[in-house]
Amino acid sequence: MSSIQQSPVECVYEGRAQLGEGPSWLPHEKKVLWVDIEKSLVHLFDPQTRANQTFDVGCHVGCAVPSRRGDVLIATAKGFGQLNRSSGQVTWITNPESHLPGNRFNDGKADPAGRFWAGSLPYAEDSPAGGLYVLDERRVSRKALNDVTISNGLAWSGDHRTMYYIDTPTMRVDAFDFDPATSSISNRRTVIRVPEGVGYPDGMAIDDEGMLWVGMWDGWAVLRWDPRTGRQIDKVELPVARVTACCFGGENRDELYLTSATTRLDAATLAKQPLAGGLFRVKLGVKGPPPFEYIG
Ligand code: CA
């Protein structure tokens, strides 16, 4: 297997996050937006200064995405909200799962049309009681998918016609036909089957070659897969077990930023991975696009 890893993996922020997740590169500011779900925090990390700005949103926050208006949209245990970066205040938009107090929102991203996708999970993670939702430009949400257990990675192909999706316990990456005009999905099929023994597929990013980088929970690595063949084609190892999500960033778009977790690890296990919960970076021989921004 030829590696396209161009530098050692570096821990750029030893944040000791409980459940670090959902990184997004903000190309204009050259910063990384990310969350610590279980600490109810949205973070903004500046790789230049290594400063990390933190917003406490007051409830478990599954993901944070940039909006075209310069604020941040979040999906949380209380549904969708808008975080004002100047005041730190959250304006709540809608909670499509207000009738499901045992659920919270998890991973999410804006799509190529600027609509905000986010999925949910039941806290017990033991039944398909979650769903996948889309918040449109009018700030109205609709449910796009039922029967989700742990909603996680999302990515869109370079031509915007395919959406990739991970519901972690399925151990699969599925693809849908994606219509950018309406953000509707159809024709679900499986493109990658993750074998046992390499961890669980979590967050995901796509590179300029159309390959998928999947953070592996309890896998000590991010794996690169070809969704056209279903084969794993590369691997970058990390010094932490719970690799949760990744995004492309850096001025040349050739760095991968990765989040990680310490949650539910006992003291002895944590002692063996002192950088768990950190934010990591590795330079690659391939580039990836910046995130789409929410339009509403
Ligand atoms: Ca996740």
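Refer to the structure presented above.
Residues numbered from 1 in each chain as written. Predicted model: local features only at pLDDT ≥ 70, side-chain atom pairs only at ≥ 80, totals over all residues. Heavy atoms only, no water.

Caption draft 1: Structural detail: unusual backbone geometry. Although it is not a glycine, E125 sits at a positive phi angle of roughly 55 degrees. Residue placement: E125 occurs in the loop between β11 (116-122) and β12 (130-135). Since its relative accessible area comes to 28%, E125 is described here as partly exposed. Positive phi, normally seen in glycine, also occurs at R253, with a value near 60 degrees. Here R253 lies in the loop between β22 (243-249) and β23 (255-260). Given the relative accessible area of 30%, R253 is considered partly exposed. (Helix = DSSP H or I, 4+ residues; strand = E, 2+ residues; numbered from the N terminus. Buried < 20%, exposed > 50% of the residue type's maximum accessible area, 1.4 Å probe, protein only.)

Caption draft 2: Main features of the pattern of salt bridges. Scanning the entire structure with this criterion turns up 16 salt bridges. Across the pair D177 and R189 runs a salt bridge whose closest N-O atoms are separated by 2.8 Å. Here R189 lies in strand β17 (residues 184-193) and D177 lies in strand β16 (residues 172-179), a separation of 12 residues in the sequence. Relative accessible area serves as the criterion here: at 29%, D177 is assigned to the partly exposed category. (Salt bridge = Lys/Arg side-chain N within 4 Å of Asp/Glu carboxyl O.)

Caption draft 3: Representation of the nonpolar core. In this structure, W213, V222, L256, L258 and L284 are the most contacted members of the largest nonpolar core, which totals 20 residues. Among the elements of the structure, β22, β23 and β24 (279-283) are those that each provide at least two residues to this core. Per-element accounting of this core gives the leading share, three residues, to β22. Residues in contact with V222, not counting those within four places in the same chain, are W213, V214, G215, D234, K235, V236, L238, C246, L256 and L258. (Core = buried A, V, L, I, M, F, W, Y, C linked by side-chain atoms within 4.5 Å. Contact = heavy atoms within 4.5 Å.)

Caption draft 4: Spatial organisation of the packing of aromatic side chains. Counting across every chain of the model gives 12 aromatic pairs. Measuring from centroid to centroid gives 5.0 Å for F80 and F105, while their planes differ by 45 degrees, and the two rings are tilted. On the criterion of sequence distance, the pair formed by F80 in strand β8 (residues 79-83) and F105 in strand β10 (residues 103-110) is long-range, its members being 25 residues apart. Judged by its relative accessible area of 1%, F105 falls in the buried class. Ring plane angle 85 degrees and centroid distance 6.5 Å describe the contact between W156 and F292, whose orientation is recorded as edge-to-face. One end of the pair, W156, is in strand β14 (residues 151-156); the other, F292, is in the segment after β24, with 136 residues separating them in the sequence. Using a relative accessible area of 27% as the deciding quantity, one classes F292 as partly exposed. Every member of this aromatic cluster is reached through a ring pair, and the members are F80, F105, F116, Y133 and Y294. (Phe/Tyr/Trp six-rings, centres within 6.5 Å; stacked < 30°, edge-to-face > 60°.)

Caption draft 5: Local environment of the sheet that holds β12. What the four strands build is an open sheet, ordered β10-β11-β12-β13; its pairing is antiparallel. At either margin of the open sheet sits one strand with a lone partner, and together these are β10 and β13 (141-148). Neighbour to neighbour, the strand axes of the sheet diverge by 20 degrees on average, direction disregarded. Of the strand pairs in this sheet, β11 and β12 are connected by four bridges, and their pairing is antiparallel. Paired with A118 across the strands is Y133, a residue of β12. (Pairing = 2+ DSSP bridges. Axes fitted to C-alpha atoms, helices over the stretch in contact; angles between N-to-C directions.)

Caption draft 6: Spotlight on the environment of V42. Here V42 is to be found in strand β4 (residues 41-46). A residue is classified by how much of its surface remains accessible, and V42, at 1% relative accessible area, is buried. Not counting residues within four places of it along the chain, the set of residues in contact with V42 comprises L33, W34, V35, Q53, T54, F55, V57, V61, A64, I74 and L83.

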